[in-house]
Amino acid sequence: MIRFTLLFLASVLGVLAAAPVPLPRAHAHNDYEHARPLWEALDRGFCSIEADVWLVDGTLMVAHDRKDLMIGRSLEGLYLNPLLARVRENRGRVYPGGPSITLLVDIKSAADPTYGALHTLLSRYVEMLTVFRVDGRQPGAVTVVVSGNRNEAAMAAQQVRFAALDGRKDHLDAEAPADLIPWISENWKQLSPWDWNGPMPDSVRGALQDWVSRTHARGRKLRFWNVPDRPDVWGTLLDAGVDVIGTDN
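Values in this document were obtained by computation on a predicted structure and should not be read as measured data.

A.B. asks: So what's going on with the overall build of the chain? Which residues, and what values?
C.D. replies: Of regular secondary structure, the chain possesses 7 helices and 12 strands. Against the compact-globule benchmark of 18 Å for 249 residues, the chain has a radius of gyration of 19 Å, which places it among compact chains. Referenced to the eigenvectors of the C-alpha coordinate spread, the extents of the chain come out at roughly 65 × 50 × 40 Å. Within the chain, residue pairs in contact and separated by at least 24 positions form 56% of the contacts whose partners lie at least 6 positions apart. Carbon together with sulfur atoms contributes 56% to the accessible area of the chain, which is approximately 12,500 Å² in total. The centroid of the 27 positive side-chain charges in the chain is displaced by 5 Å from the centroid of its 30 negative side-chain charges.

So this is what it looks like as structure tokens:
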């Protein structure tokens, strides 16, 4: 009996040790390009995952370029269905007892019809989603943020939304509420032409701190793309207060 108990405890401890630790600031950029979309990110604890979508014959298909679209690789099949199954399995969370995660949907096709299809699709997954209403938000296990081609005015006019909007540099000081624009995602070159070789110039460091401060003053998060995919870069951004750190690897 004692031997069985010890084996059982060792098994449980092994499972616990293998469970991923949620990384609230880690973003899987172009996640769908991995061999196991979604799952590789979740196995490593990523709390933000990006999928590019095209509207094709009424279906939201996942790919960076239209020429790379493949049968069977839909947003619903690759992301929404498995996320819902996992949320149900973990009693309302993607990670047991963990934070809400972000699904960043980057629209590549025309803004209005693609978002319309996305809104309709997401309405079937309310069980796990953060829902935005005129009187506030209802937090969920998964918060969808729409990037790429988007119609800010149309989204702002909705009485009920199942997604928020990904902002840009022009939104740093925007009066729009954080429930509409919770993120600012921008090309690093919009902040500075500095290419991350050698020590960061003081002028760049000052500009970076300014962006972080302005973003946080509005209750938003900040993310940059088009930065080198290196640990030293991630560390510099984290130390500066950048909230979301993207990686392709």
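A.B. asks: Requested: an account of unusual backbone geometry, with residues and values cited.
C.D. replies: Of note, N30 is a non-glycine position whose phi angle comes to about 50°, a positive value. Mapped onto the secondary structure, N30 falls in the loop between strand 1 (23–28) and helix 2 (39–43). The buried category is assigned to N30, whose relative accessible area is 11%. Of note, R91 is a non-glycine position whose phi angle comes to about 55°, a positive value. Along the chain, R91 turns up in the loop between helix 3 (75–89) and strand 4 (101–107). When its relative accessible area of 81% is taken as the criterion, R91 is described as exposed.

A.B. asks: Account for the sheet that holds strand 8 (residues 160–161), naming residues and giving values.
C.D. replies: Taken in spatial order, the 3 strands make up an open sheet running 6-5-8, and their pairing is antiparallel. Each edge of the open sheet carries a strand with a single partner, namely strand 6 (136–138) and strand 8. Alignment of strand 5 (residues 131–133) against strand 6, held across 3 bridges, turns out to be antiparallel. Along strand 6, the bridge assignment pairs R133 with G136.

A.B. asks: Mind laying out the packing of aromatic side chains, listing which residues take part and the relevant values?
C.D. replies: Here the structure, examined in full by the defined rule, presents 4 aromatic pairs. Centre to centre, the rings of W188 and F224 are 5.1 Å apart; their planes meet at 75°, and the pair counts as edge-to-face. Placement of the pair is W188 in the loop between strand 10 (183–187) and helix 6 (202–217) and F224 in strand 11 (residues 221–225), with a sequence separation of 36 residues. Taking the centre distance of 4.9 Å and the plane angle of 45° together, the rings of W194 and W196 count as tilted. Note on W194: relative accessible area 13%, which makes it buried. Pairwise contacts between aromatic rings join W188, W194, W196, W211 and F224 into one cluster.

Reading the values: the criteria
- Residues numbered from 1 in each chain as written.
- Predicted model: local features only at pLDDT ≥ 70, side-chain atom pairs only at ≥ 80, totals over all residues.
- Heavy atoms only, no water.
- Helix = DSSP H or I, 4+ residues; strand = E, 2+ residues; numbered from the N terminus.
- Rg over C-alpha atoms; globule rule 2.2 N^0.38 Å.
- Contact = heavy atoms within 4.5 Å.
- Areas by Shrake-Rupley, 256 points an atom, 1.4 Å probe, with all protein chains shown as cover.
- Lys, Arg positive; Asp, Glu negative; His and termini not counted.
- Charge placed at Lys NZ, Arg CZ, Asp CG, Glu CD.
- Buried < 20%, exposed > 50% of the residue type's maximum accessible area, 1.4 Å probe, protein only.
- Pairing = 2+ DSSP bridges.
- Phe/Tyr/Trp six-rings, centres within 6.5 Å; stacked < 30°, edge-to-face > 60°.

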